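An overview of the molecular structure
Each chain, written out:
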Amino acid sequence: MRYKCLIVDDHEIERDALEMHLRKISPLEIIAVCKSGIEAADILSRNSIDIVFSDIDMPELSGIELLKSFKNHPLFIFITAHGKYAAESYEVDAIDFIVKPATFERVLKSANKAIEYLELKKQVSHVTENVYKAPTNQDDHFFFKETKGITKLKYDDVIYIESMGDFSKIFTRNDMHIILVSLKNLEKQLPKNYFSRVHKQYIINVNHIVTLTNHEVHLNYDFVVPISAANRQELLEHAIDKKILSRFIK
């Protein structure tokens, strides 16, 4: 299947480089290459687009403003020279964020993530958005709906959860489950003594932490996820500091 995409960047050299990368990715069909957010908005209003590869810092209409201007917008992958926009891009549910210069390998990774999202969304489109939990605070498991039916999963078996927009991927040691529940809604339902948000796109099971660095959390079974500075501080305060062995005992 071919996925229709749009390129938006006010810099000609970077537009051309991105177009060259995308033409190497066979599932993608470039519908238009736009010089501005205004031009892209016109194209989006008249065409069905699956993925938008957009710069952020553009005159008149930024990439983020472009996304916000459409209620039912396609997937957005932001490509920018300014890493400061990363948090805001995830707040508006961009599927990915690339810091320039955009290498082919990095663009391919983002494109594959977007394609995976679109294909998975088709598979789970008929599944209702519900997580079923036991009614007490003493439970050690939860239930969720996926394509094959209702599945029971123990909290201890969950290593981490990754956002895929309006649905999420739950990773265990040997399996991965797709559920039509956003990471934001999962965070509200899962118990805080087990789970912690460490990034706009990740929730981890704190009981599986092996090593915490400034930018990553290493989990059991060789899983590694990124952690933001703000979430790292919160994780330290609520789950780690109180368990760190002290050099001095009063």
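Structural data are supplied above this passage.
Computed from a predicted structure; not experimentally measured. (Residues numbered from 1 in each chain as written. Predicted model: local features only at pLDDT ≥ 70, side-chain atom pairs only at ≥ 80, totals over all residues. Heavy atoms only, no water.)

1. A few points about the overall build of the chain
Test applied: Each helix is a run of DSSP H or I of at least 4 residues and each strand a run of E of at least 2, with the numbering of both proceeding from the N terminus. Any residue under 20% of the maximum accessible area for its type is buried, any over 50% is exposed, and the rest in between are partly exposed; the area is computed with a 1.4 Å probe on protein chains only. Contact criterion: two residues are considered in contact whenever any of their non-hydrogen atoms come within 4.5 Å of each other.
Helices and strands together make up the secondary structure of the chain, namely seven helices and 16 strands. With the C-alpha coordinates of the chain rotated into their principal frame, the extents come out at 65 × 50 × 30 Å. Per-residue burial over the chain gives 47% buried out of 250 residues. Considering only contacts in the chain between residues 6 or more positions apart, those separated by 24 or more positions represent 49%.

2. A look at the sheet that holds strand β14 (residues 209-212)
So the rule is basically this: Here, a strand pair is defined by DSSP locating no fewer than two bridges between the strands. Note on method: axes are straight lines fitted to C-alpha atoms, helices fitted across the in-contact stretch only, with angles between N-to-C directions ranging 0 to 180 degrees.
Across the sheet, three strands lie side by side as β14-β15-β16; this open sheet has antiparallel pairing. For this open sheet the edge positions go to β14 and β16 (224-226), each flanked by a neighbour on one side alone. Sheet twist, expressed as the mean angle between neighbouring strand axes with direction ignored, is 25°. Two strands pair when backbone bridges link them, and strand β15 (residues 216-219) and β16 are joined in this way by three bridges, in the antiparallel orientation.

3. As for the nonpolar core
The condition is simple: Nonpolar cores are built from buried Ala, Val, Leu, Ile, Met, Phe, Trp, Tyr and Cys residues. Side-chain atoms within 4.5 Å join them into one set.
Residues Leu22, Leu28, Ile51, Phe53 and Ile77 are the most contacted members of the largest nonpolar core, which totals 26 residues. For this core, the secondary structure elements donating two or more residues are β1 (3-8), α1 (12-22), β2 (28-34), β3 (51-54), β4 (75-80) and α5 (104-124). Counting residues per element, this core draws most heavily on α5, at seven residues. In this view, isoleucine 51 contacts Tyr3, Lys4, Cys5, Leu6, Leu28, Pro74, Leu75, Ile77, Ala114 and Leu118; residues no more than four positions away in its chain are not counted.

4. Let's talk about the pattern of salt bridges
How we decide: For this analysis, a salt bridge means a side-chain nitrogen from Lys or Arg found within 4 Å of a carboxyl oxygen belonging to Asp or Glu.
Under the defined criterion, the tally for this structure stands at ten salt bridges. A salt bridge links lysine 113 to glutamate 162; its shortest N-O distance comes to 4.0 Å. Taken together, the residues lysine 113 in helix α5 and glutamate 162 in strand β9 (residues 160-164) connect sequence positions 49 residues apart. Here lysine 113 matches glutamate 162 in class, with each residue buried. Glutamate 162 is the salt-bridge partner of lysine 169, the closest N and O atoms lying 3.9 Å from each other. Since its relative accessible area comes to 6%, lysine 169 is described here as buried. A single salt-bridge network, built from bridges that share partners, covers Asp9, Glu14, Asp55 and Lys100.

5. Regarding the pairing of strand β10 (residues 167-171)
In terms of residue burial, β10 counts as a mostly covered element, since five of its five residues are buried. Side chains of β10 alternate between two faces, with Phe167, Lys169 and Phe171 and Ser168 and Ile170 buried alike. The pairing of β9 with β10 spans five bridges and is antiparallel. Each residue of the ladder has a partner; that of glutamate 162, found in β10, is lysine 169. In terms of strand pairing, β10 meets strand β11 (residues 176-179) through four bridges, oriented antiparallel. In the strand pairing of β11, serine 168 is matched with isoleucine 179. Linking β10 back to β11 in an antiparallel pair, the connection comprises four residues.

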